[in-house]
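Structural overview for review
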Number of protein chains: 4
Amino acid sequence: MIIVMKAGATQKQIEAVEKQLQQLGFRTHPIYGEVKTVIGAIGDKRLVKANSIVHMEGVESIVPIMSPYKLVSRELINEDTIIDVDGVSIGGNELVVMAGPCAVESEKQLMEVAVKVKEAGAQILRGGAYKPRTSPYSFQGLEEEGLKLLASVGKETGLKIVTEVVDTRDVELVSQYADILQIGARSMQNFRLLSECGKAAKPVLLKRGLSATIEEWLMAAEYILSEGNPNVILCERGIRTFETATRNTLDINAIPVVKELSHLPIIVDPSHATGNWRWVEAVAKAAIAAGADGLMIEVHPDPSSASSDGPQSLKPEKFADLMKVLKPVAQAVNRTI
Amino acid sequence: MIIVMKAGATQKQIEAVEKQLQQLGFRTHPIYGEVKTVIGAIGDKRLVKANSIVHMEGVESIVPIMSPYKLVSRELINEDTIIDVDGVSIGGNELVVMAGPCAVESEKQLMEVAVKVKEAGAQILRGGAYKPRTSPYSFQGLEEEGLKLLASVGKETGLKIVTEVVDTRDVELVSQYADILQIGARSMQNFRLLSECGKAAKPVLLKRGLSATIEEWLMAAEYILSEGNPNVILCERGIRTFETATRNTLDINAIPVVKELSHLPIIVDPSHATGNWRWVEAVAKAAIAAGADGLMIEVHPDPSSASSDGPQSLKPEKFADLMKVLKPVAQAVNRTI
Amino acid sequence: MIIVMKAGATQKQIEAVEKQLQQLGFRTHPIYGEVKTVIGAIGDKRLVKANSIVHMEGVESIVPIMSPYKLVSRELINEDTIIDVDGVSIGGNELVVMAGPCAVESEKQLMEVAVKVKEAGAQILRGGAYKPRTSPYSFQGLEEEGLKLLASVGKETGLKIVTEVVDTRDVELVSQYADILQIGARSMQNFRLLSECGKAAKPVLLKRGLSATIEEWLMAAEYILSEGNPNVILCERGIRTFETATRNTLDINAIPVVKELSHLPIIVDPSHATGNWRWVEAVAKAAIAAGADGLMIEVHPDPSSASSDGPQSLKPEKFADLMKVLKPVAQAVNRTI
Amino acid sequence: MIIVMKAGATQKQIEAVEKQLQQLGFRTHPIYGEVKTVIGAIGDKRLVKANSIVHMEGVESIVPIMSPYKLVSRELINEDTIIDVDGVSIGGNELVVMAGPCAVESEKQLMEVAVKVKEAGAQILRGGAYKPRTSPYSFQGLEEEGLKLLASVGKETGLKIVTEVVDTRDVELVSQYADILQIGARSMQNFRLLSECGKAAKPVLLKRGLSATIEEWLMAAEYILSEGNPNVILCERGIRTFETATRNTLDINAIPVVKELSHLPIIVDPSHATGNWRWVEAVAKAAIAAGADGLMIEVHPDPSSASSDGPQSLKPEKFADLMKVLKPVAQAVNRTI
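Remember, it's a predicted structure, so these values are computed and weren't measured experimentally.

Calculation rules
- Residues numbered from 1 in each chain as written.
- Chains lettered and ligands numbered in written order.
- Predicted model: local features only at pLDDT ≥ 70, side-chain atom pairs only at ≥ 80, totals over all residues.
- Heavy atoms only, no water.
- Helix = DSSP H or I, 4+ residues; strand = E, 2+ residues; numbered from the N terminus.
- Contact = heavy atoms within 4.5 Å.
- Pairing = 2+ DSSP bridges.
- Axes fitted to C-alpha atoms, helices over the stretch in contact; angles between N-to-C directions.
- Least-squares fit on C-alpha atoms with pLDDT ≥ 70 in both.
- Buried < 20%, exposed > 50% of the residue type's maximum accessible area, 1.4 Å probe, protein only.
- Lys, Arg positive; Asp, Glu negative; His and termini not counted.
- Salt bridge = Lys/Arg side-chain N within 4 Å of Asp/Glu carboxyl O.
- Polar contact = N/O pair within 3.5 Å; in protein donor to acceptor, adjacent residues only side chain to side chain.
- Expected span 1.5 Å × (residues − 1).
- Arc of directions from axis to C-beta.
- Parallel < 35°, antiparallel > 145°, perpendicular 65-115°, else oblique.
- Nonpolar A, V, L, I, M, F, W, Y, C, P; charged D, E, K, R; others polar.

**Overview of the overall build of chain A**
- A tally of regular secondary structure across chain A gives 10 helices and 14 strands.
- Taking all contacts inside chain A whose residues are at least 6 apart in sequence as the whole, residues at least 24 apart take part in 67%.

Structure below.
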């Protein structure tokens, strides 16, 4: 940590800051520049509350040198984490594909999609039983009924199940039915939910918040790991920008950046990232080429009747076509799909 | 609602869309342009799921004509809502000032601040008992112990209490101690929490999400009102932009825009909006001049030892000075403080 | 064009708007909704100044139905434009690669890079003779001397030359030396420069502005085409967002969106989009997989001594490695490189 | 300047960086942390090209300690700059108000507005002779004819003239007619134009770019000052964000931030910042309350017929009303208007 003192800070102020740092357990090291003095604070004390320094007289700013997360970083664990979901590996050489409808609507709808996405090569079935909707007047999901449908269709088809949990009170219930707990973009900084999922026995799919920096996203993952659950899959699903032609802006840069900073697997959701099924193929290819460990894609048997996110859902035939064109892209970057 | 058909859409496609609209209960009205056809769908059916249309063949896009919220809008209620918090009015001619520490740390700290902010003219005491923190290693709040301190200090000083609730499981408990339930920026789209607060008997302070549009913010308020709680106070606290000189960017435009669209009161939090106590005064003045109904300001007896948000907290003396310079600004816009 | 009238607009106001629209040459078509009236204005009059309507009494907003650009759109020309740069095709099946240093520094530096990028498979040499720099104290480029070096190195190696023009006064001079005129991100809305380049006899590489929407970008291209120059190559180079881990955020979605809206070729600059040479490879692969027509990449023989943009420049060896791993990705999407 | 070395950087790498820094004229000072080493580089060498360091082996990042601008900063000049425009002071106790149409359309239009804004209290007449328009098909301004009208109306009414210059080739011509040269938001990083205006004998009004950070904006001002022209007036006019309810987001925080960092005067343009005349009043009041040195406001005798920016223009009567309600706000912050 580096403390930058203001131009004109007095020797007394500098010493007071040094003393405070020493009390927090740091060794200090001032450098007297021509205009400003900076103080190096030595010691890896990420867990120490150092913001007391910011308010001291003469202090201009603090520059952290260490990243604020630890368990998710490559500093501690450099080997890629591979998560085993009851036989399906995430983060290994084979790419994972999660597909299914935005919301679970009926057994018929779910089974129809499940059979087709399995046939096309998906290993995991997605589908929302609890839907976080912008409007209170929109369909909010089938809730436990939806969970039961997911579990039964999963059993019948052999697909693993990923579904969103939106409330701390539901974590236990959802854990009984799902193979992977999804934390949605709007819940990425629901810290209580992160903690509860950190105590759950199931892997967690953590979507990036609409306006979360990569650092904040990794900090959210750190919450889960710090509670004892090491199985976090990151999911880039587009961030909010000024562009209005697309629903979100997929941050493709995030893939190599996360791969460099963290050992956790990262997948991409091109459906939410674009908001339009016509652009899903191009972006799915890009994600794999950039090094993503898999994809999460919305597929609906009849998008025009979907209760949620119809415009960005692929029909099952289009999804099957997509899987075919992804194969050579995966091979081109030495992965299988 | 206007449905824009693609250039080259066939008559058959146009008719299919009309038919579907009619089944949803709309009257339809096509306009044949030189290049494109648009279809007017008549009927105020905000509650009708119309996204089925987007996916139909030949459809380019849908243009909503009505805003998606109703209860919070001026269409229904044009008179300004004035909320009575046990004798303190919010939204009336007198401005409301909520002040106090970011986090409740001890009885001594809280009482010291409370006495001083009351003396300076604040009517409501703020203080976090549950803190949503970016890092799992940061202070998370005193929880129920903090709520008890707030209630007892409130009682002793006569200040009303506003405090944040971060978990659906805590709404009932927090309601027992607080006069106003705060929903923080990171929880603005925690729809389950919105619903629970909508069922609570206490007014709700709803902070704008970091990357929420004004429309999404009003939709979040609609969640609360639609559950039966009409007492929502909006709080603009800065949005996330590319600018890094400040913690957030206060969207001052939001004040006249919200005043035009909604009857709900709106206050401003200049502490979070700037992230730096030195800029709080200028921005607090601006908020009042723009028509805000009040302010929420962080005050700490010793910001350098604050467990959270020290850099943006005012010392009690500075807060007292601020209240003095706000008086003439309030008068200039025909308000009192 | 659809004119949305306010709730409560009078019949007189509606008629006044209709009359005004008719005077502008539109046919009008009102639809009386339950709450609001909308007026359809029929006629493709993109060139007509219709903003006079916005201010009329009773008008709430205007919804354009047609895109504001014409020459760059697929409405007029649906076939992909292929630009011939003296034997090098841009926009065809073979991908184009432009590589070279950010700034031209010396003949030695330029020749060394040129020979190596040619060997690795690049067809076009990039290099700045005029540098738009954030600081007045940074290196501003070798100017005409740089242009001469570019031309002579281009001649010797057989590489075509692309270089930026930053001032209307230089368009003629740069046209004498360069094969492609580059308009940089910061000049994307320098409309006078766009017009001058529209009159030039050379193709134009138009970078997307840091905060330009896709629509504004296409409008900038429309400026060039409207002056008579049909040869515009679009270049996505990252937009400005809240994320600070990378220099910019590459908008990978923009590739399929632009391909759908326009017939112009589009390439990607992963060097500026990431700001870090370590992430260039992943993003370059993604760009090709998403359907880009080529790449522009910064290569410097000794990035640590580069006068500009060192951190994002590849060494020639790394560039050669990159070209090798791009080959299978190009093949996977049925392109050659 | 602080150089942060990677975890695991070798002693040899550290020494190489030190040596390179010393050759650039810095004294160096390494601090060996538990995980990482940082090197303090002492010496105020803002003009030195230090990016050569970033690419050296073992280097993780560089943290600048000094701001990159100098002439515009309070480090050098702490007293507020007051600019005298032929008798009108900008930056002093009296606020300056610039008002007039977006574009000069005719002598009649301009004279009508000029007489009325003068009567209401404006000191400076604004009006565009050269218009930077997003579409090539929009009205581009009357050019020299417009300049002549501005000068003659200015002479007749006693108002000073501010008008935009969009092309380096026009700086001399515009300087002959205008009292203040305006650099528009889209030209803020047209560095050649900044330099030309830096050589002109007239004060410069420098609008903030749509996506420019405060630091970049001050760097743009530094360009002008570094050419010898000390008379720069900054103008905040809203930045681009995700919010779509308003044309831009006024960054009100920027006022206290700029006042702290720079001695230059700063004014606010509420017309562009909101894009809607109905919100201009609230935002104009906020700007003054926050400490702005003046306002720039669009006024048009008949906004519905304006050739540009009609929706955000006030009618002269509304402008006169605005001036009245601004008076008490100005007094409340000890300024006059």
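There is more to say after this.
**So, the sheet that holds strand S4 (residues 59–63) of chain B**
All names here are of chain B.
- Pairing in this open sheet of 4 strands is antiparallel, and the strands run S2-S3-S1-S4 from one edge to the other. Sheet topology places strand S2 (27–32) and S4 at the edges, where each strand pairs with a single neighbour. Strand-to-strand twist of the sheet, defined as the mean angle between neighbouring strand axes without regard to direction, takes the value 20°.
- Across 4 bridges, strand S1 (residues 2–5) lies against S4 in antiparallel orientation.

**Describing the relation of the copies chain C and chain D**
- Relative to chain D, chain C is turned by 180° and slid 0.0 Å along the rotation axis, the superposed coordinates differing by an RMSD of 0.0 Å. Taken together, the rotation angle and the small translation identify this as a two-fold axis. If distances are taken from each C-alpha of chain C to the rotation axis, the shortest is found for Ser211(C), at 3.0 Å.
- By residue overlap, the copies meet face to face through one surface: 98% of the interface positions of chain C are interface positions in chain D.

**What about the side chain of Asp179(D)?**
All names here are of chain D.
- Structurally, Asp 179 can be placed in the loop between helix H4 (171–177) and strand S10 (180–183).
- Buried Asp 179, no salt bridge; nearest opposite-charge side chain is Lys 202, N-O distance 5.0 Å.
- Engagement of the side chain of Asp 179 in a polar contact is seen with the backbone nitrogen of Ile 161, the distance being 2.7 Å.
- Dropping the residues within four chain positions of it, Asp 179 is found in contact with Val 85, Lys 160, Ile 161, Lys 202 and Pro 203.

**A word on unusual backbone geometry**
- Its identity is not glycine, yet Asp86(B) carries a phi of approximately 50°, on the positive side.
- Along the polypeptide, Asp86(B) turns up in the loop between strand S5 (83–85) and strand S6 (88–90).

**A look at helix H1 (residues 11–23) of chain C**
All names here are of chain C.
- Compared with the 18 Å implied by 1.5 Å per residue over 13 residues, the 18 Å span of H1 between its first and last C-alpha is a close match.
- When we look at burial in H1, the residues that qualify are Ile 14, Val 17, Glu 18 and Leu 21. Looking down the long axis of H1, one finds its buried residues gathered within 100° of arc, a one-sided arrangement. Every exposed residue of H1 that faces more than 90 degrees away from the buried side is listed here: Lys 12, Lys 19 and Gln 23.
- Of the surrounding secondary structure, the elements contacted by the buried residues of H1 are strand S1 (2–5), strand S2 (27–32), strand S3 (37–42) and strand S4 (59–63).
- Positive phi shows up at Gly 25, right after H1, with a value of about 100°.

**Some details on the packing of helix H10 (residues 316–332) of chain B against helix H10 (residues 316–332) of chain D**
- Closest axis-to-axis distance for the H10(B)/H10(D) pair is 8 Å, and the angle between their directions is 175°. When the axis of H10(B) is compared with that of H10(D), the two are roughly antiparallel. Counted together, Pro328(B), Val329(B) and Ala332(B) of H10(B) and Pro328(D), Val329(D) and Ala332(D) of H10(D) form the full contact between these two elements.
- Broken down by class, the residue content of the contact of H10(B) with H10(D) amounts to 6 nonpolar, no polar and no charged.

**Focus on the interface of chain C and chain D**
- With 53 residues of chain C in contact, the opposing surface of chain D contributes 52 residues.
- Across the chain C-chain D interface, the total number found is 8 salt bridges.
- Between Glu196(C) and Arg169(D) there is a salt bridge, with the nearest N and O atoms lying 3.3 Å from each other.
- Where chain C packs against chain D, one counts 25 residue pairs in polar contact (both at pLDDT 80 or more).
- Elements that contribute at least two residues to the side of chain C that touches chain D include exactly helix H5 (191–199) and helix H6 (214–226) of chain C.
- Counting residues per element, the side of chain C that touches chain D draws most heavily on H6(C), which supplies 5 residues.
- Residue composition of the side of chain C that touches chain D, by class: 20 nonpolar, 18 polar and 15 charged.

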